[in-house]
Every structure is written in structure tokens, then in C-alpha cells.
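Observations on the three-dimensional arrangement
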Amino acid sequence: MRIGICDDDKLVAGALAEELRDLYAFDIAIVAFDTAFSLLTYIEDEKNEPLDILFLDIRLREQNGVRVAMEIQEFWPEIQIIFSSGYPEYAQDIFQIEPVYFLLKPFDRESMKRAVDRAVRRLEEAGHEIVRICTQGEMGALRLRDVDYSESNRHQLKIWCG
């Protein structure tokens, strides 16, 4: 699963990335951006694999996150966008693009987990082949296309992803 984070506050982006890695014990790739320009440049490059989920700050230095989301959806219509902001007044603007979730900063681990779980459900509903895995009491999800092979030995399952 490929998750993007676009926040002009590098501390917030780093903490979110760490929380995602800690919370999800499955194969995720996290790509962080500190400007809308760097995110849009990444998206416009056809060599880059599409992101499945994007955490997007609404109030970026140089652009409005809602406008950026509209541009992103032109390239990747199935991307699941989770908006975040420290300003609740921006919540009304996000419904132009049908986001997965709106997280008011600072947000807690449970809110973040609910947002990601909702994004994964939407991906499944859109026809993406998602494998749900429970490991040590934590739920996770993998895109089937990311699985290279798996191996089972008694009660242990090993999954290799490329």
C-alpha cells in the first residue's frame, strides 16, 4: 500500500509517518512531501506508482489543499484523500471532492486508524484487490499486486512483497 503525506510542517509529517509505520504491521511505502509543488511534480511523473491514500494538509504555504486535491484526482481518480488541518473552518471546503476523512490537528492514533481503515474499505469497494491481515492483534491490509509470494508453515504465514 502506498501512502503519501503532504504537510508543510515537517515535524507533523514525520510524526504521522512514524505513527503509520508503528500502527500498521504490513508492507506500506510512505512518500512525504513538504510542498504542493513537490507532490504535484511526483504525481505528474508517469514513472511513479500511484498513491493509494494521501494525507493532505488543507492550509499549505503556497496553495490551498482542496485545490491541490482536485488536480490530483484528475491524474489518479481513485486516490483516497484524508484531509488534515488545525483550522476547523476549512472543513466546509473539503466536500467539493468527497474526501475519505477530515482530521482536525492535533489528531489521535484512533482517529488516524479510522481514517485509513475507511480509505482501505473504499479501495476494496472500487475493485482493488486488498488482502486483510491480522498480526499480533493489529489489522493490516496489502494490495494483492504487491505480493510477490507467500509461504505457510504450520500456523505461520510469511508474505514477501516487492
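Scroll up to find the structure.
All figures in this text were calculated on a predicted structure; none of them were measured in a lab. (Residues numbered from 1 in each chain as written. Predicted model: local features only at pLDDT ≥ 70, side-chain atom pairs only at ≥ 80, totals over all residues. Heavy atoms only, no water.)

1. Concerning the overall build of the chain
When helices and strands are tallied, the chain shows 4 helices and 9 strands. The order of α-helices and β-strands along the chain, N terminus first, is β-α-β-α-β-α-β-β-α-β-β-β-β. For the chain, buried positions account for 41% of its 162 residues. Residue pairs in contact within the chain that sit at least 24 positions apart in sequence constitute 58% of those at least 6 positions apart. On the chain, roughly 9300 Å² of surface is accessible, and the fraction owed to carbon and sulfur atoms is 47%. (Helix = DSSP H or I, 4+ residues; strand = E, 2+ residues; numbered from the N terminus. Buried < 20%, exposed > 50% of the residue type's maximum accessible area, 1.4 Å probe, protein only. Contact = heavy atoms within 4.5 Å. Areas by Shrake-Rupley, 256 points an atom, 1.4 Å probe, with all protein chains shown as cover.)

2. Things to note about unusual backbone geometry
Residue Pro 106 follows Lys 105 across a cis peptide bond; omega there is -10 degrees. Relative to the assigned elements, Pro 106 resides in the loop between strand E5 (101–104) and helix H4 (109–125). Even without glycine at this site, Glu 98 takes up a positive phi of about 55 degrees. By secondary structure assignment, the location of Glu 98 is in the loop between strand E4 (80–85) and E5. A residue is classified by how much of its surface remains accessible, and Glu 98, at 62% relative accessible area, is exposed.

3. Side note on the packing of helix H1 (residues 10–23) against H4
A packed helix pair is summarised by two numbers, namely the angle formed by the two axes and the spacing between the axes. In contact at an axis separation of 11 Å, H1 and H4 are set at 70 degrees when each is read in the N-to-C sense. One finds that H1 runs roughly perpendicular with respect to H4. Where H1 abuts H4, its residues Leu 16, Glu 19, Leu 20, Asp 22 and Leu 23 lie against Arg 109, Met 112, Lys 113 and Val 116. Per-class residue counts for the contact of H1 with H4 are 5 nonpolar, no polar and 4 charged. (Axes fitted to C-alpha atoms, helices over the stretch in contact; angles between N-to-C directions. Parallel < 35°, antiparallel > 145°, perpendicular 65-115°, else oblique. Nonpolar A, V, L, I, M, F, W, Y, C, P; charged D, E, K, R; others polar.)

4. A few points about the pattern of salt bridges
For the coordinates displayed, the defined rule picks out 6 salt bridges. A salt bridge links Arg 109 to Glu 19, with the shortest nitrogen-to-oxygen separation between them at 3.0 Å. Residue Arg 109 is located in helix H4, and its partner Glu 19 is located in helix H1; the two are separated by 90 residues in the primary sequence. On the basis of relative accessibility, which here comes to 32%, the residue Arg 109 falls in the partly exposed class. Among the residues examined, Glu 19 registers a relative accessible area of 26% and is labelled partly exposed. Residue Lys 113 is joined to Asp 117 by a salt bridge in which the shortest nitrogen-to-oxygen separation is 3.2 Å. With Lys 113 and Asp 117 both in helix H4 and 4 residues apart, this pair spans about one turn of that helix. One continuous salt-bridge network, built from bridges that share partners, spans Asp 7, Asp 57 and Lys 105. (Salt bridge = Lys/Arg side-chain N within 4 Å of Asp/Glu carboxyl O.)

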